[in-house]
Amino acid sequence: MRLFRRTGLAALCGLTAALLTGCPDKTPDTAVVDGGVTGTQAAPDAAPATVVFTLQYQAPDAGLALIPLALEEKPLIEPTSDLELRSTLGLKNYRVRLMDEADRAMISDDSVTEADDGLVYRIHLPQPLKTGFSYTLVVDAQTGTAFQDSRGRDVEDLRAAFQVAGDKEKPKPPPPPAKAGKKKRK
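These notes cover the structure that comes with them.

Rules behind the numbers
Residues numbered from 1 in each chain as written. Predicted model: local features only at pLDDT ≥ 70, side-chain atom pairs only at ≥ 80, totals over all residues. Heavy atoms only, no water. 1 Å grid on protein atoms, 1.4 Å probe; cavity = no way out; pocket = protein on both sides within 12 Å on 5 of 7 lines; lining within 4 Å. Points joined across faces, edges and corners; volume = space filled by probe spheres on them. Nonpolar A, V, L, I, M, F, W, Y, C, P; charged D, E, K, R; others polar. Buried < 20%, exposed > 50% of the residue type's maximum accessible area, 1.4 Å probe, protein only. Helix = DSSP H or I, 4+ residues; strand = E, 2+ residues; numbered from the N terminus. Phe/Tyr/Trp six-rings, centres within 6.5 Å; stacked < 30°, edge-to-face > 60°. Lys NZ or Arg CZ within 6 Å of the ring centre and 35° of its normal. Pairing = 2+ DSSP bridges. Axes fitted to C-alpha atoms, helices over the stretch in contact; angles between N-to-C directions.

### Some points on the layout of surface pockets
Piece 1. Taken as a whole, the second largest pocket spans an internal volume of roughly 370 Å³.
Piece 2. Lining the second largest pocket are 16 residues; nearest its centre among them are Asp100, Met106, Pro128, Lys130 and Tyr135.
Piece 3. Tallied by class, the residues present in the lining of the second largest pocket amount to nine nonpolar, two polar and five charged.

### Examining unusual backbone geometry
Trans is the prevailing form of peptide bonds, just as negative phi is the prevailing case for residues other than glycine.
Piece 1. Even without glycine at this site, asparagine 93 takes up a positive phi of about 60°.
Piece 2. For asparagine 93, a relative accessible area of 28% gives the class partly exposed.
Piece 3. Positive phi, normally seen in glycine, also occurs at aspartate 103, with a value near 65°.
Piece 4. Positionally, aspartate 103 belongs in the loop between strand E8 (94-99) and strand E9 (109-115).
Piece 5. Since its relative accessible area comes to 47%, aspartate 103 is described here as partly exposed.

### Examining the packing of aromatic side chains
Piece 1. Per the stated rule, a full pass over the model turns up one aromatic pair.
Piece 2. Taking NZ or CZ as reference, lysine 130 lies 5.9 Å from the ring centre of phenylalanine 133, over its face.
Piece 3. Its end group placed over the ring of phenylalanine 133, lysine 168 keeps NZ or CZ at 4.9 Å from the ring centre.

### A closer look at the sheet that holds strand E3 (residues 53-58)
Piece 1. If you trace the five strands from one edge of the open sheet to the other, you get E4-E3-E6-E10-E9, paired in antiparallel fashion. Each edge of the open sheet is held by one strand with a lone partner, namely strand E4 (64-67) and E9. Each neighbouring strand pair of the sheet contributes to a mean axis angle of 20°, computed without reference to strand direction.
Piece 2. Inspection of the sheet shows E3 paired to strand E6 (residues 82-87) by five bridges, in the antiparallel sense. Within the sheet, the bridge partner assigned to phenylalanine 53 lies in E6 and is serine 87.

In structure tokens form, the structure reads like this:
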């Protein structure tokens, strides 16, 4: 009789555990999104709780390749002329700049597609990024000290550093100074 009770109790515990865990094909209410930022998936249309950025570049041999943003070391990318920044929510009062190693803004032709559910910011450079050099993509406030998402919440500045793979290009030597012509003696 005791064996039946233990077996019945074990079966009851197993059934209870199965009911509590739910169906295996259902998604949990909370999901880890892009490197540890947690967002709620209560409804498919619901916007994420915080802004999540993704940065990609146009790889020479494939389509867009992801540049990891949450690494302590600078990720290596291939030389490219095109970068694409995406956000999961729209942004207000923001600016996006690509900075070189000397912290100078790079000249680029930018385009943006904005919506409340996110933005796509494309940067096209006149020349590919130089091999061996480091660059930083900066998203910060256009005016004041903070920028906001489409829900009016302040968003932390983004500084995404990366390096272009390969040896550092050596600068071209300056042209030799023009020789002053000798004065003719009369």
